[in-house]
Amino acid sequence: MSEQADTVVFIPALNEEESLPGVLDELRAELPDVDVLVVDDGSRDRTAELARAAGAEVLSFPENRGLPVVVAAGYEFAARKHY
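Bear in mind the structure is a predicted one, so any value in this text is a computation, not a measurement.

Participant: Got a minute to help me understand the packing of aromatic side chains in this structure?
Facilitator: In this description, a pair of aromatic rings is defined by centroid distance and the angle of the planes. The tally for this structure, following the rule as stated, stands at 2 aromatic pairs. A centroid spacing of 5.1 Å and a plane angle of 80 degrees characterise the contact between phenylalanine 10 and tyrosine 75, whose relative ring orientation is edge-to-face. Of this pair, phenylalanine 10 sits in strand β1 (residues 8–13) while tyrosine 75 sits in helix α3 (residues 67–80), and the two are 65 residues apart along the sequence.

Spelled out as structure tokens, the structure:
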């Protein structure tokens, strides 16, 4: 991400290497002017790598922490970055 957009969309993800590229492609097509954050909840596959390759910023947890923690991390990121 270069210049910050007004809006960030964050996507919780756990072992989503198969479906994440399609989701990110669709998101970019529908909302081209938003920033994208993938919150990787301890994936053991290439979820984080593929998210970065698609231009998303990635926040990774070393182990699975669960959806409430991942969602809270997304909101914290958004607040810290002033979205």
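Participant: Before we go on, may I ask you to explain the nonpolar core in this structure?
Facilitator: A general feature of soluble globular proteins is that nonpolar side chains tend to end up buried together. Ile11, Ala13, Leu20, Leu24, Leu27, Val34, Val36, Val38, Ala48, Ala51, Ala56 and Val58 form the largest nonpolar core, which has 12 residues in total. Residue assignment for this core shows that the elements contributing at least two residues are β1, α1 (20–30), β2 (35–41) and α2 (47–53). Among the elements that take part in this core, α1 stands out by supplying 3 residues, more than any other. When near neighbours in sequence (up to four residues on either side) are disregarded, valine 38 contacts Ile11, Ala13, Leu20, Leu24, Ala51, Ala56, Glu57, Val58 and Leu59.

Participant: Explanation requested: the sheet that holds strand β3 (residues 57–61) in the structure shown.
Facilitator: Either a parallel or an antiparallel arrangement is found when strands of a sheet pair, and the pairing is made through backbone hydrogen bonds. Strand order across the open sheet formed by 3 strands is β1-β2-β3, with parallel pairing between neighbours. The open sheet terminates on both sides in strands that have one partner only, identified here as β1 and β3. With direction set aside, neighbouring strand axes in the sheet form an average angle of 20 degrees. Judged from the 6 bridges that link them, β1 and β2 form a sheet pairing that is parallel. Bridge assignment links alanine 13 to a residue of β2, and that residue is aspartate 40.

Participant: Please explain the environment of valine 36 as it appears in this structure.
Facilitator: Within the secondary structure, valine 36 is located in strand β2. With relative accessibility at 1%, the residue valine 36 sits in the buried group.

Participant: Help me understand the pairing of β2 in this model?
Facilitator: Every regular strand shows the same layout, with side chains that alternate between the two sheet faces. Of all 7 residues in β2, 7 are buried; the element is thus mostly enclosed. Neither face of β2 is exposed, since Asp35, Leu37, Val39 and Asp41 on one face and Val36, Val38 and Asp40 on the opposite face are all buried. In this view, the connection linking β1 to its parallel neighbour β2 by way of α1 has right-handed handedness. Alignment of β2 against β3, held across 5 bridges, turns out to be parallel. Of the residues in β3, the one forming a bridge with aspartate 41 is phenylalanine 61. Once you follow β2 into α2 and on to β3, the crossover reads as right-handed.

Calculation criteria
Residues numbered from 1 in each chain as written. Predicted model: local features only at pLDDT ≥ 70, side-chain atom pairs only at ≥ 80, totals over all residues. Heavy atoms only, no water. Phe/Tyr/Trp six-rings, centres within 6.5 Å; stacked < 30°, edge-to-face > 60°. Helix = DSSP H or I, 4+ residues; strand = E, 2+ residues; numbered from the N terminus. Core = buried A, V, L, I, M, F, W, Y, C linked by side-chain atoms within 4.5 Å. Buried < 20%, exposed > 50% of the residue type's maximum accessible area, 1.4 Å probe, protein only. Contact = heavy atoms within 4.5 Å. Pairing = 2+ DSSP bridges. Axes fitted to C-alpha atoms, helices over the stretch in contact; angles between N-to-C directions. Right-handed = clockwise from strand over helix to strand, strands pointing away.

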